[in-house]
Amino acid sequence: MMLLTCPWCGPRDETEYHYGGQAHVAYPENPSDLSDEEWAEYLFFRDNPKGPFAERWSHSAGCRRWFNVVRDTATYEVLEVYTNADPRPVVGSPAGGSR
Amino acid sequence: MAKLLPEHPAWLWRDPEPKASYDAIVVGGGGHGLATAYYLAKNHGMTNIAVLEKGWLAGGNMARNTTIIRSNYLWDESAAIYEFSLKQWEQLPAELDYDFLFSQRGVLNLAHTLQDVREATRRINANRLNRVDAEWLEPDEVAKVCPIVNVSQDVRYPVLGATFQPRAGIAKHDHVAWAFARACDAMGVDIIQNCEVTGFLKDGDRVVGVETTRGRINAGAVGLVAAGHSTVLAEKAGFRLPVQSHPLQALVSELYEPVHPTVVMSNHVHVYVSQAHKGELVMGAGVDAYNGYGQRGSFHVIEHQMAAALELFPIFGRARLLRTWGGIVDVSPDASPVIGPTPLENLYINCGWGTGGFKATPGAGWAMAHTMATGEPHDLNRAFGLERFVSGALIDEHGAAAVAH
C-alpha cells in the first residue's frame, strides 16, 4: 500500500484516496471547434509513461479535495505533491520530493 | 488425486542469433506474440520471421494470468473473436500435438442484484444469437454445478442465479506458450529472447526495421504485441494509443484436493476463482486503480478479493494463501482490444486486451497475422481498429469483461 501525503491532511494510506488519472488535461477552450480527431484525443488518449507521471488524486475519505502528485509509475515512488494553486513542477525532477 | 501435469519439456526451440533482416518481426514473446508468429508461418507461409522478446519467453502476462477461457461476451464483434478463439482452443492440443490440459469445466458468472440478473439475461440472449453456448441457472442449479458456492439467501449479496457457459474452461498457460513456441520453431521462426526493442528504423512514415539491444534488424512488417508496454513502444515509434497500464494482481492458495469443479466469476462481490490441475485455488479480481508498470500492486486489493472469495466460498476459510503477484495490463476505454494498422506504414499493433487477453490468444494471433501479412484487417478484427475512437463506434465490454477496470 502506498503512503500519499495530502497537502491539507498529511500522510495517509492509499485506501483513503481515489485515483483521477493524468493531471493537467484541460477541457477544450472552444469545444464546438474541435474535429473528431481532436475530440478523440481529448476523450480517450492519455499519457501512459513508464517513469514520472503527473496525476490527480482525491482525498475521498478525508478532506475530499483534489490535488496533484508526480509519481514514478515504475517504482511507485512519490516525487512531488502539489495543489492546483501551486505551480506545476518540472516533471521528472527528482529533487525536492515531498515524500 | 489431482491429475498429473505433463513432463517439464526439454528445449523446444532453438536460441538463434538475430539475422540482419526478416520479412516480419513480432515484438513481444508472450502468448499473443507467439500465436501471431505461428499463424504468420502456418496461414501465410511466412517463415523468415522473428519473435523478439525483451525478457524470457512468456514471462509477462502469459505467466501471470488466471488462465480462464470463455467466449460469453455481449457484442457481436467480441463474440466473433472470442468464440473463434474458443473453437481454436478446442482443437489446438491436437494441431500443436501438445496436451496443455485445456479443461472445459464451464464458467459461472454469478448475479447478485436485480441489475446483474437483467444484464446476465440479456447477455445469454445475445450469446445464443451468436451461437455461443449460454444458459441461465437458478441458485439451486448453481449449487449443483458448483456445490461449494454459498447460495444461501441470508448473506449481504445472495446469489440470485448465474450464467453458465459449459464449453468454457482453463488451460496450463505456460504449456500453451511452449506449444506455440515449439511449433513456430519447427516452421523456422526465430525466437529471440533477451532482445529489447529500443527504437524504430523509419523511412519517412514507413517502418523498415527496429533497433534492439542486440543490434539493428530490418523488417518488412513489424507487429507490436507487448501488452502493458504497448504505449512505451508506441511512443518510441511516434504515435499515441488510448490505453493505460495498470497492475493486475492474482494469487494462489496452497495445494488442496479437488474441491472446485468449475470456474466461478462474480462481478458484484468481485472475485474469480478456479482450481488448477495441481490443486491450487487460483483467484483474481480488479486492477489497481493507478497507472503502474511495477508488476506489483497494493495489498488492500488482495485483502478485498480474499474477503469476496470467503463470502462466496466459506469452505476457503482455512485455506492458506501461498503467493500473490502482479502483471501489467493495458486497459482500453471500452474494455475491448486494439488490433490493426497504426499511423505508420508497415507497423501493426495488437494491444488493449486489459484483463482478458489469455482466452483470446489464438484469435488475436490469427487476426494479427492476417493483418501483418496482407496489410488489411481480418473480419475478426475489422471493428477493433484505432479509428473507432474517432468514429465513436466503441465496443463496450465492461459488463462481460467481468473485471473492474
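Above: the structure in question.
This structure is a prediction, so every number in the text was calculated from the model and none was measured.

Every contact between the two is made by 23 residues of chain A and, on the other side, 25 residues of chain B. Buried area between chain A and chain B, both sides added, is near 2,100 Å², and the carbon and sulfur share of it is 54%. Per-residue buried area on chain A facing chain B is highest for Phe44(A), Asn48(A) and Tyr76(A); these three make up 33% of the total on that side. Linking chain A with chain B are two salt bridges. One salt bridge connects Asp47(A) with Arg240(B), and the closest N-O pair in it is separated by 2.7 Å. Taken together, chain A and chain B are joined by 17 residue pairs in polar contact (both at pLDDT 80 or more). For the side of chain A that touches chain B, the elements supplying multiple residues, two or more each, are helix H1 (36–44) and strand E4 (52–58) of chain A. Here the side of chain A that touches chain B gets five residues from one element, more than from any other, and that element is H1(A).

For the rest of this paragraph, the subject is the pattern of salt bridges. Residues and elements named next belong to chain A. With the rule as written, the count across this model stands at 18 salt bridges over all chains. One salt bridge connects glutamate 55 with arginine 71, and the closest N-O pair in it is separated by 2.5 Å. Placement of the pair is glutamate 55 in strand E4 and arginine 71 in strand E5 (residues 66–72), with a sequence separation of 16 residues. Assessed through its relative accessible area of 0%, glutamate 55 is described here as buried.

A few words on the sheet that holds strand E3 (residues 18–22) of chain A. All names here are of chain A. Read from one edge to the other, the open sheet built from four strands follows the order E3-E4-E5-E6, with strand pairing classed as antiparallel. Here the strands that pair on one side only, and so sit at the sheet edges, are E3 and strand E6 (78–82). Sheet twist, expressed as the average angle between the axes of neighbouring strands with direction ignored, equals 30 degrees. Relative to E4, E3 runs antiparallel, the two being bridged by three bridges. Pairing of histidine 18 across the sheet is with serine 58, part of E4.

All names here are of chain B. Enumeration over the complete set of coordinates arrives at one cavity of 30 Å³ or more. Approximately 60 Å³ is the volume attributed to the largest cavity. Lining the largest cavity we find 12 residues, and of these Tyr73, Ala335, Trp353, Gly356 and Ala401 sit closest to its centre. Among the residues making up the lining of the largest cavity, the classes are represented as five nonpolar, seven polar and no charged.

The rules behind these values
- Residues numbered from 1 in each chain as written.
- Chains lettered and ligands numbered in written order.
- Predicted model: local features only at pLDDT ≥ 70, side-chain atom pairs only at ≥ 80, totals over all residues.
- Heavy atoms only, no water.
- Contact = heavy atoms within 4.5 Å.
- Buried area = accessible area lost by both parts, 1.4 Å probe.
- Salt bridge = Lys/Arg side-chain N within 4 Å of Asp/Glu carboxyl O.
- Polar contact = N/O pair within 3.5 Å; in protein donor to acceptor, adjacent residues only side chain to side chain.
- Helix = DSSP H or I, 4+ residues; strand = E, 2+ residues; numbered from the N terminus.
- Buried < 20%, exposed > 50% of the residue type's maximum accessible area, 1.4 Å probe, protein only.
- Pairing = 2+ DSSP bridges.
- Axes fitted to C-alpha atoms, helices over the stretch in contact; angles between N-to-C directions.
- 1 Å grid on protein atoms, 1.4 Å probe; cavity = no way out; pocket = protein on both sides within 12 Å on 5 of 7 lines; lining within 4 Å.
- Points joined across faces, edges and corners; volume = space filled by probe spheres on them.
- Nonpolar A, V, L, I, M, F, W, Y, C, P; charged D, E, K, R; others polar.

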